[in-house]
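One letter stands for each residue in the lines below.
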Amino acid sequence: MKKGKVRIMGILCVLILVAGGVLIYQYGGKTKLSVPISELTAEYSSNPKEPGKESSQLISNAGSQEEAEEIASMYQVTLLEYTDGMALYETQEPPLDVIRRGEQEGYPQMWVNSERVAY
């Protein structure tokens with residue numbers, strides 16, 4: 001009886017591994033985790049330090065200081081800081097407008113620099 005249970009558990013483990021492999025193969029690890037800009041709301045760009053005021057800062061990934069400067073030039077924003085692959089920018093325009101324009105032009109992705117607070 002004990003051998004039967006071990007055999008069933010072994011078969012179940014193999015089936016789970018095969019199913020997982022099929023899913024990974026089918027989706028290729030290319031699941032999109034970011035939210036498209038068209039679905040963003042004012043909540044995503046709120047400034048918790050000043051409720052009701054939109055943040056004027058944007059962030060992006062950049063491989064170097066030079067790349068961060070190129071991105072700033074593309075978006076016509078001011079580079080404030082570059083550290084460890086992350087660049088911080090400031091804009092005078094509404095940040096979501098800047099991000100939308102970048103998406104339309106195919107620029108590297110940028111996000112509003114915001115802080116989420118749970119109550």
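Residues numbered from 1 in each chain as written. Predicted model: local features only at pLDDT ≥ 70, side-chain atom pairs only at ≥ 80, totals over all residues. Heavy atoms only, no water.

### Here we look at the overall build of the protein chain
Note the cut-off: Think of it this way: any DSSP run of H or I at least four residues long counts as a helix, any run of E at least two long counts as a strand, and we number them from the N terminus. Between buried and exposed lies partly exposed: a residue is buried under 20% and exposed over 50% of the maximum accessible area for its type, with that area taken using a 1.4 Å probe on protein chains only. Residue contacts are counted whenever heavy atoms from the two residues lie within 4.5 Å of one another. Each accessible area value is a Shrake-Rupley result obtained with a 1.4 Å probe; residue values ignore everything except the protein chains displayed when judging cover.
Across its full length, the protein chain carries three helices and four strands. Counting from the amino terminus, helix and strand elements in the protein chain follow one another as α-β-α-β-β-α-β. With 119 residues in all, the protein chain has 19% of them scored as buried. Long-range contacts, defined as pairs at least 24 residues apart, comprise 59% of the intrachain contacts of the protein chain with a sequence gap of at least 6. For the protein chain, the accessible area works out to roughly 9100 Å², and carbon and sulfur atoms hold 57% of it.

### Digging into the nonpolar core
A general tendency of soluble globular proteins is for nonpolar side chains to be buried together. This is how the line gets drawn: Only buried residues count toward a nonpolar core. Its members are Ala, Val, Leu, Ile, Met, Phe, Trp, Tyr and Cys residues joined through side-chain atoms within 4.5 Å.
Leu 58, Ile 71, Tyr 75, Val 77, Tyr 89, Ile 99 and Met 110 are the most contacted members of the largest nonpolar core, which totals 14 residues. Secondary-structure elements contributing two or more residues to this core are helix H2 (65–75), strand S3 (86–90) and helix H3 (95–105). Here this core gets four residues from one element, more than from any other, and that element is H2. The residues touching Val 77, leaving out its near neighbours within four places in the chain, are Leu 58, Ala 72, Tyr 89, Glu 90, Thr 91, Val 98 and Met 110.

### Focus: the sheet that holds strand S1 (residues 57–61)
Pairing between sheet strands relies on hydrogen bonds along the backbone, with the strands arranged either parallel or antiparallel. So the rule is basically this: Strand pairing requires that DSSP identify at least two bridges connecting the strands. Axis definition: a line fitted to C-alpha atoms, over the contacting stretch in the case of helices. Angles run 0 to 180 degrees between N-to-C directions.
Read from one edge to the other, the open sheet built from four strands follows the order S2-S3-S1-S4, with strand pairing classed as antiparallel. Looking along the sheet, the strands with just one partner apiece sit at the ends: strand S2 (78–83) and strand S4 (111–112). Summarising the sheet, S1 and S3 pair through five bridges and their orientation is antiparallel. Bridge pairing in S3 links Ser 60 to Ala 87. Contacts from H2 reach S1, S2 and S3 within the one sheet, and its direction differs from that of S2 by about 155 degrees.

### Observations regarding the environment of Ser 64
To keep it simple, the criterion reads: By the criterion applied in these results, polar contacts are pairs of N or O atoms within 3.5 Å in which, for protein atoms, one can donate a hydrogen and the other can accept it, and in which residues neighboring in sequence qualify only through two side-chain atoms.
Considering the arrangement of structural elements, one finds Ser 64 in the loop between S1 and H2. Exposure remark for Ser 64: the relative accessible area of 24% places this residue in the partly exposed category. From its side chain, Ser 64 meets the backbone nitrogen of Glu 67 in a polar contact 3.1 Å long.

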